[in-house]
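Observations on the three-dimensional arrangement
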Amino acid sequence: MANDHKMKAFRGEPSIFTSTRSEESQAELKVKDLTLKFGGITALNKIDLSVHDGELISIIGPNGAGKTSLLNCISGYYKAQEGRISFNGKDITHLSTNHLAKIGIGRTYQNIELFPGMTVLSNMMLARHVHYKYNVGQASLFLKNVRNEEVRHREVLEELIDFLEMQSIRKQLVGGLPYGTRKRVELGCALALQPKLLMLDEPFAGITLEEKEDMVRFLVELNEAWNQTIILVEHNLSIVMSISDRVAVFDFGVKIAEGSPDFVQNHPQVIKAYLGDTS
Amino acid sequence: MEFFLQILANGISLGFLYALSALGFAMIFKSSNVLNFAHGGLMAMGAFIFLALSVWAGLPIILAFALTLAGSFTLGFLLEKFFLRPLIKKTLIYAIMLTLGLALMFRGLLTFIFGGDIYSYPKFLPETLSLKWGGIQISAVYVAAFIIGAVSLILFGLFYKYSSQGIYMRSVADNKPAALSLGVHVKRSFALSWAIAALVCAISGVLFGIINGVSVHTLNSIGLKMLPVVILGGLGSIRGAILGGITIGLLETFTGGYISSSLQEIMPYIVLVFILMVKPYGLFGLVETKRA
Amino acid sequence: MHKFQFRPCGNFRTSYQDELAIFNTDFGRLWISIGILLLFGVVPFISSAYILHILNSIGIYAIAAAGLNLLIGYTGQISLCHGAFFGVGAYTAAILLVKGGLPFFLTVPIAGVVSAAVGMVFALPSARLKHLYLCIATLAGQLIIEYVLVHWESLTGGAEGIVIPNTSRFGLDLGSDRAFFYVIFICFILMTWIAVNLTRTKIGRAFVAIRDNDRAAEGMGIPIYPYKLLSFAISSFYAGLAGALYACHMTSITPEHFNLWLSIEYIAMIIIGGLGSIPGSAFGAVFIVTLNEVLNHIPEYLMNIGISTGAELNIAPLQDFFYGLAIVLFIIFQPKGLAEVWRIIRSSFRLWPFSY
Ligand SMILES: Nc1ncnc2c1ncn2[C@@H]1O[C@H](COP(=O)(O)OP(=O)(O)O)[C@@H](O)[C@H]1O
Ligand SMILES: [Mg+2]
């Protein structure tokens, strides 16, 4: 029995991706007529967006277009004044952030939100918090089931660490890691939650070319091999156009175009928003 | 009716003193988000410095008062420089706990030197200052407090609004990183807000000393009362601090007058808990959405 | 076969389970076993009544401090009413023992539960807000509880307090300080163990996450408000339980002991001992109680060596001054407290005599 808990070599397929597929990881998001205002600023203006299961949808748009605000609304940080958000048919407009994480909406942030004073592993353990199944009483006595849960999830996290190629830094403090690595840790945290819907806010911003290549590789594998539903907010158009199934373009809080990468690339309003009014 | 009016007058006068004192509290909170638990200690320091200078050293009142102000200003400045500044980059709770440490130090030091007794200042306020209005009476010290308080409020208001240093301080209070990037000397701004706060504490400490007698214990508990005052007004709003001060003053005198005098001291805190339940960001405060 | 590990110079663990252990090496386990043996087998028999009394106080304070450390050190929420909860526990125990005639072993946990329940009154509205508000609410809690202890005379005996007759103390014949030593230190070890367990599970991790970045924690699915409440409840439970032991230890309690300054003293204890370190809380308790005793004896000592003649030199207020100074100095120079100092000393001896 004890042998089960020996540190194992990586089998190549993280069990969190292989074990729970199909209905359990179903992700259908619908945003309807979402309007968010900050005083005089309309950050989001009647946004409609739907995300289907297994899709990689990108949201692009100039700075201040409201991309981050949309993610913040979906993950419950901002409360929109009007409109509805539903996830797998359930209305989630008024759920709290932690509840949304619990039902399977994971994300990364534009300005990395991690715990710099903790190790990579501790960060990921925190991110996996909702999956640890024991209560305070059991924890306070460190009963056998607590120990087993801790070991079990540790194994899951180790597989994830292997998947993201972070073996060498698992015990390092996040605060001391280079920016690009921290972005990867943040992805690791988001994945540790085992989200049905993964939202990434500018994961490619400010990282080196090599790190970008790695990140693209991870995202593509996640999306294609493991059917992970992803919303990607990104400025880097060449990446967006090559990996997305669908692209939505925002400008001044309005969705000005949506469709396949090809369609969007040639959309006149998009060209106008990006290049300015050249007429 | 006369009783009611007298209590009303007492409440407003007391409230005005609270407001003045809360100004010092709010100033530190506004600039650095620190809850200053050494507020009462600073008030006591001011009151005892004045006592030592005026009674023991026998200096003329005006000179003693001026020296007290200068001393408190320096004290506040030094406190920030040596104790608070090393913590600027750390989490807030360290700074808050540090002020608890300072509170203990002031209390210990003053009780060691002066004991737990209540001292009183010589009578120096002219009796002509007191107001009589039918049966209602407002004693000289309250009138003096009102004058000093009003003058200080106007001075601070002008300072904040028009002097360049005041504008810097407001900018720091509003957005520290932005102010830093514009080249505002944030450290100086913090130091100055502590210095001014200590000065305000000294003024209000002396005034409370005139009313209640100078005692470490009383001044400390008045210092704590700044928390209900600023919560009522909404943390970090100077106008709120003034309104909160007057509200708490009225609340206390009315409780003392109509319900029970032992409940008077505790009433602000009961109201505080109640406020937290129904209107946590104060009667005049704002809630803002934090960026994620 | 279990291979003993005494001084590993690296991480040689072979299973994730090993990483969950409290002590990294068998050396640590060995020391702690020796320590416990000495504590229970030797200390009570070689200590004078006076020393035993002090040790008992240390044990009691260490329990309460461990609870406060979970709240302040781990969760990052300042409480200013730990002293009052300690008092609530003490009064609950005293009332249950004297008026209710309950057996001692029931009153202690009940006192903890009552404290936690009272704590909820102040934490429920404020824990939902930013952490400053909890701090302010606890100040109100402290003063309101103090007021109630003095003024609800029919229950608390007012300013006179409550005397706990020796007979009603335990139901068992545990009247002496030595017998009580065992009660206190068994509680101490149990409560410390529980606190350590909490910190090495998801509960403790959630506390730390809330302390360090509550927005990120929320995004990871950690519900802030329930965990803040939980942390607060646990900490007041510890205070109440320690208070119950205190009541029995002192055999008489009066309200003025449980004032705001006691709460601040507890904060001093955990800052000095080490925020975010459970053993640190015990270090802090040792430090504060010892400092207390030393200061109490200074006037006597000065008189004996003839420096001061009168008994009027009252040094007690300086206690506050030194606590305050200790808070300030530790926060500025060693915010991780004595626990960190101890760790540094220990690790410099780790590979002794072949350190590098
Ligand atoms: N918490 C907030 N308070 C006030 N205004 C905000 C807040 N968050 C976003 N905004 C405003 O909403 C608009 C959209 O911002 P954002 O969603 O961050 O844009 P993007 O991520 O597309 O660059 C901007 O004008 C921004 O200033
Ligand atoms: Mg953005």
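Look up: the structure comes first, before these words.
Residues numbered from 1 in each chain as written. Chains lettered and ligands numbered in written order. Predicted model: local features only at pLDDT ≥ 70, side-chain atom pairs only at ≥ 80, totals over all residues. Heavy atoms only, no water.

1. Observations regarding the overall build of chain C
The line we're drawing: Note on conventions: DSSP H or I runs of at least 4 residues are helices, E runs of at least 2 residues are strands, and numbering of each starts at the N terminus. Only protein chains enter the area calculation, which uses a 1.4 Å probe; residues under 20% of their type maximum are buried, those over 50% are exposed, and those in between are partly exposed. The method behind every accessible area is Shrake-Rupley, applied with a 1.4 Å probe, and residues are considered shielded solely by the protein chains displayed.
When its secondary structure is counted, chain C shows 15 helices and two strands. Evaluated residue by residue, chain C yields a buried proportion of 56% over its 356 residues. Surface exposure of chain C reaches about 14,900 Å², of which carbon and sulfur atoms provide 68%.

2. Considerations on unusual backbone geometry
All names here are of chain A. We note that Asn88 has phi near 50°; this positive angle belongs to a residue other than glycine. Overall, the relative accessible area of 32% leaves Asn88 in the partly exposed class. Even without being a glycine, Glu202 presents a positive backbone phi close to 50°. Turning to its location among the elements, Glu202 is positioned in the loop between strand E7 (197–201) and helix H8 (209–225).

3. Some words on the coordination of the magnesium ion (ligand 2)
What counts, and what does not: Counted as donors are the N, O and S atoms within 2.8 Å of the metal, or 3.2 Å for Na, K and Ca, while water is not among the atoms, so some sites may look incomplete.
All of the protein donors around the magnesium ion (ligand 2) are Thr68 of chain A (OG1) and Gln110 of chain A (OE1); their distances to the metal are 1.9 to 2.1 Å. Here Thr68 of chain A is found in helix H2 (residues 67–74), whereas its partner Gln110 of chain A is found in the loop between strand E6 (105–107) and helix H4 (120–127), with 42 residues between them in sequence.

4. With respect to the interface of chain C and chain B
Note: interface size is frequently given as the accessible area lost on complex formation between the parts. To keep things clear, this is the line we draw: Only heavy atoms enter the contact rule, under which two residues are in contact if any of them lie within 4.5 Å. Buried area is a sum: the accessible area each of two parts loses on coming together, probed at 1.4 Å, counted once for each and added. When a carboxyl oxygen of Asp or Glu is within 4 Å of a side-chain nitrogen of Lys or Arg, the pair counts as a salt bridge. Throughout this description, a polar contact denotes any pair of N or O atoms lying within 3.5 Å of each other; where both atoms belong to protein, one of them has to be capable of donating a hydrogen while the other can accept it, and for residues adjacent in sequence the pair is counted only when both atoms sit in side chains.
Each side of the interface is counted separately: chain C has 42 residues, and chain B has 45 residues. For the pair chain C and chain B, the two sides together bury roughly 4,100 Å², of which 84% comes from carbon and sulfur. When the buried area of chain C at its contact with chain B is split by residue, Tyr133, Ile136 and Trp261 of chain C rank highest and sum to 15% of it. Summed over the shared surface of chain C and chain B, the number is one salt bridge. A salt bridge links Arg107 of chain B to Asp320 of chain C; its shortest N-O distance comes to 2.9 Å. Where chain C packs against chain B, one counts two residue pairs in polar contact (both at pLDDT 80 or more). Secondary-structure elements contributing two or more residues to the side of chain C that touches chain B are helix H5 (104–126), helix H6 (131–151), helix H12 (260–273) and helix H14 (316–333) of chain C. Element by element, the count of residues in the side of chain C that touches chain B is highest for H6 of chain C, at twelve residues.

5. With respect to the nonpolar core
Note the following rule: Definition of nonpolar core: a set of buried residues of the types Ala, Val, Leu, Ile, Met, Phe, Trp, Tyr and Cys, connected through side-chain atoms within 4.5 Å.
Core analysis: the largest hydrophobic core is formed by 252 residues, its most contacted members being Leu35, Phe37 and Met97 of chain B together with Phe86 and Leu245 of chain C. Sorting elements by how many residues they give to this core places helix H3 (residues 49–74) of chain C first, with 15 residues. The contact partners of Phe86 of chain C, leaving out residues within four places of it in the chain, are Ile60, Tyr61, Ala64, Ala239, Ala242, Gly243, Tyr246, His257, Phe258, Leu262 and Tyr266 of chain C. Counting 33 residues, the second largest nonpolar core, distinct from the first, contains Leu71, Ile74, Leu100 and Ile105 of chain A.

6. Concerning the pattern of salt bridges
Pairing of side chains with opposite charge becomes possible as their charged atoms draw close. Residue and element names in this part refer to chain A. Under the counting rule described, the total for this entry stands at 19 salt bridges over all chains. Between Asp214 and Arg217 there is a salt bridge, with its nearest N and O atoms 2.9 Å apart. Of the two residues, Asp214 and Arg217 are both situated in helix H8; the distance of three residues between them amounts to about one turn of the helix. Since its relative accessible area comes to 38%, Arg217 is described here as partly exposed. A salt bridge links Lys255 to Glu258; the shortest N-O distance between them is 2.4 Å. Accessibility expressed as a relative area gives 25% for Lys255, which makes it partly exposed.

7. Brief notes about the interface of chain A and chain C
Our working definition: All amino acids are sorted into three groups, where Ala, Val, Leu, Ile, Met, Phe, Trp, Tyr, Cys and Pro are nonpolar, Asp, Glu, Lys and Arg are charged, and the leftover types, Gly among them, are polar.
Facing 36 residues of chain A, the contacting portion of chain C comprises 34 residues. Here chain A and chain C share an interface that buries about 3,400 Å² over both sides, 64% of which is from carbon and sulfur atoms. If you look at where chain A meets chain C, you find one salt bridge. Here Arg205 of chain C makes a salt bridge to Glu150 of chain A, at a shortest N to O gap of 3.2 Å. Linking chain A with chain C are eight residue pairs in polar contact (both at pLDDT 80 or more), by the criterion used here. Looking at the side of chain A that touches chain C, the elements with two or more residues in it are helix H3 (97–102), H4, helix H5 (136–141) and helix H6 (144–163) of chain A. Here the side of chain A that touches chain C takes seven residues from H6 of chain A, the largest share from any one element. For the side of chain A that touches chain C, the per-class residue count stands at 21 nonpolar, six polar and nine charged.

8. Brief notes about the sheet that holds strand E5 (residues 90–91) of chain A
Two orientations exist for strands paired in a sheet by backbone hydrogen bonds: parallel and antiparallel. Residues and elements named next belong to chain A. Rules: By the convention used here, strands pair only if DSSP detects at least 2 bridges between them. Axis definition: a line fitted to C-alpha atoms, limited for helices to the stretch in contact. Angles are taken between N-to-C directions and run from 0 to 180 degrees.
Strand order in the open sheet formed by four strands is E2-E1-E4-E5, and the pairing between neighbours is antiparallel. Of all the strands in the sheet, just strand E2 (41–51) and E5 have a single pairing partner and so form its edges. In terms of strand pairing, strand E1 (residues 29–38) meets E2 through seven bridges, oriented antiparallel. Bridge assignment links Leu29 to a residue of E2, and that residue is Val51. Packed on one face of the sheet, H2 meets E1, E2 and strand E4 (82–87) and runs near 115° to E1.

9. Quick word on the sheet that holds E7 of chain A
Residue and element names in this part refer to chain A. Strand order in the open sheet made by the six strands is E6-E7-E8-E3-E9-E10, with mixed pairing throughout. Unpaired on one side and paired on the other, E6 and strand E10 (254–259) mark the two borders of the sheet. The mean angle between the axes of side-by-side strands here comes to 20°, regardless of whether they run parallel or antiparallel. In terms of strand pairing, E7 meets strand E8 (residues 229–233) through five bridges, oriented parallel. Each residue of the ladder has a partner; that of Leu200, found in E8, is Leu232. Contacts from H2 reach strand E3 (56–60), E6, E7, E8 and strand E9 (246–251), with the element oriented near 150° to E7. Strands E3, E7 and E8 of the sheet are contacted by H8, whose axis makes an angle of about 145° with E8.

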